[in-house]
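Structural characterization, general
Each chain, letter by letter, is given below.
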Amino acid sequence: MSKPEIAVFADHDELVKAAAVRFVQVVTRAQAERGSASVVLTGGGTGIALLEQVRHAPGAVDFGRLDVFWGDERFVPAGDAERNELQAREALLDHVPVDPARVHPVATSDGEYPDPVEAAAEYSAAVHAHLAEHGAFDLHLLGMGGDAHVNSLFPHSAAVAEEHELVLAVTDSPKPPPVRVTLTLPAVARARQVVLVVGGVGKADAVAQAVGGASALEIPAAGAHGSETTTWMLDEAAAAKLP
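Right, let's walk through the structure included here. The structure presented is a predicted model; accordingly, all values stated were derived computationally and were not measured.

**Concerning the sheet that holds strand 6 (residues 167–170)**
Through backbone hydrogen bonds, the strands of a sheet pair up, either in parallel or in antiparallel fashion. One open sheet accounts for three strands, arranged 4-7-6; its pairing is antiparallel. What marks the edges here is a single partner per strand, and that holds for strand 4 (72–74) and strand 6. Taken over all neighbouring pairs, the strand axes of this sheet differ in orientation by 15° on average, direction set aside. Pairing geometry for strand 6 and strand 7 (residues 180–183), over four bridges, is antiparallel. Looking at the pairing, Ala 169 lines up with Val 181 of strand 7. Sheet contacts for helix 4 (residues 116–134): strand 6 and strand 7; angle to strand 6, the most-contacted strand, approximately 160°.

**Observations regarding the sheet that holds strand 9 (residues 229–235)**
Read across the sheet, six strands follow the order 1-9-8-5-2-3 without closing on themselves; strand pairing throughout is parallel. Of all the strands in the sheet, just strand 1 (4–9) and strand 3 (66–70) have a single pairing partner and so form its edges. The average angle at which neighbouring strand axes cross in this sheet is 20°, direction not considered. Both strand 5 (residues 137–142) and strand 8 (residues 191–198) contribute to a ladder of five bridges, which runs parallel. Residue Phe 137 lies in a different strand from strand 8, and its bridge partner there is Ala 191. In the packing of helix 7 (residues 204–211) onto the sheet, contacts are made with strand 1, strand 8 and strand 9, and the angle to strand 9 comes to roughly 155°.

**Brief notes about the packing of aromatic side chains**
This model, assessed by the stated rule, comprises two aromatic pairs. Considering the side-chain rings of Phe 69 and Tyr 123, the 6.4 Å spacing of their centres and the 55° angle between planes classify their relative orientation as tilted. In this pair, Phe 69 sits in strand 3 while Tyr 123 sits in helix 4, placing the two residues 54 residues apart along the sequence. Residues Phe 69 and Tyr 123 agree in their burial class; the two are buried. Put simply, the rings of Phe 69, Tyr 123 and Phe 137 touch in pairs and so form one group of aromatic residues.

**A word on the packing of helix 2 (residues 44–54) against helix 3 (residues 84–91)**
Put simply, helix 2 and helix 3 touch, their axes get as near as 8 Å, and they point 30° apart. It follows that helix 2 is roughly parallel to helix 3 by the angle criterion. With respect to the hand of their crossing, helix 2 and helix 3 are arranged in right-handed fashion. Contact residues: helix 2 offers Gly 44, Ile 48, Leu 51 and Glu 52, while helix 3 offers Asn 84, Gln 87, Ala 88 and Ala 91. For the contact of helix 2 with helix 3, a count of residues per class yields four nonpolar, three polar and one charged.

Conventions adopted
- Starting from 1, residues in each chain are numbered consecutively following that chain's sequence as written.
- It should be noted that, the model being predicted, local features are given only for residues of pLDDT at least 70 and side-chain atom pairs only at 80 or more, the latter also being counted only at that level, while totals for whole chains, interfaces and linings use all residues.
- Think of the side-chain values as coming from all heavy atoms in the structure, minus any hydrogens and water.
- Note: two strands are recorded as paired if DSSP finds a minimum of 2 bridges between them.
- Secondary structure elements follow DSSP: runs of H or I no shorter than four residues count as helices, runs of E no shorter than two count as strands, and numbering proceeds from the N terminus.
- Only the stretch in contact is used when fitting a helix axis, every axis being a line fitted to C-alpha atoms; angles between N-to-C directions are given from 0 to 180 degrees.
- Note on definitions: a residue-residue contact is assigned when non-hydrogen atoms from the two residues lie within 4.5 Å.
- Working definition: rings of Phe, Tyr and Trp (its six-membered ring) pair if their centres are within 6.5 Å, and the pair is stacked with planes under 30 degrees apart, edge-to-face with planes over 60 apart, and tilted otherwise.
- For the exposure calls, accessible area comes from a 1.4 Å probe over protein chains only, and a residue counts as buried if that area is under 20% of its type's maximum, exposed if over 50%, partly exposed in between.
- Roughly parallel covers angles under 35 degrees, roughly antiparallel covers those over 145, roughly perpendicular covers 65 to 115, and oblique covers all other angles.
- Crossing chirality is assigned from the near helix's rotation relative to the far helix, an anticlockwise turn below a right angle marking it left-handed and a clockwise turn marking it right-handed.
- Residue type decides the class: Asp, Glu, Lys and Arg count as charged, Ala, Val, Leu, Ile, Met, Phe, Trp, Tyr, Cys and Pro as nonpolar, and the leftover types, Gly among them, as polar.

So this is what it looks like as structure tokens:
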């Protein structure tokens, strides 16, 4: 488990630009060292703004040698604007030459796996297959809610307490929509580098508790660690309660 590093930026715009640069650096280094790279994307306003910036960040990502996963997904129909996949495609993936076979979205609620448990099992199979071949994800991006949730791992939930399974269906999310598919903390730990990108004064208390070593059951973000590095990228507002 890696010790968290902290990087603070003046405002949200600078945070997003720096996170996009970090994305490109991690991916290009992994591709140079291992021939390909893998990323786990996050949704939310900051996560999607980050992907928009990746289109313009300096560097030479070979998108044809990039595997793309999602940390969680809202279990809604295809084409629903709430889907993290759709937002990521509009922000980045539709604008770069990705290999469709290397983009691994969660099933939709109106697709081949209309049961969220079956959808989670199908996604788990894809995750396990990737890890069996490559050993780890290269980068897992995470946003964080004001309640300190990451992916769809909410405080005091069964999902955040999971110690073995890499993917779970969530049917009682306190944040709508209630049904989701999520990677767990054991899956987060299978990433070489974990980067939490968090902005806004409303996140400051949760950031301070997470960085301070709170219980992951109470503060899920506290349990997010990469095998090599864990980095909190924050704007000044989100970092305001740090010592």
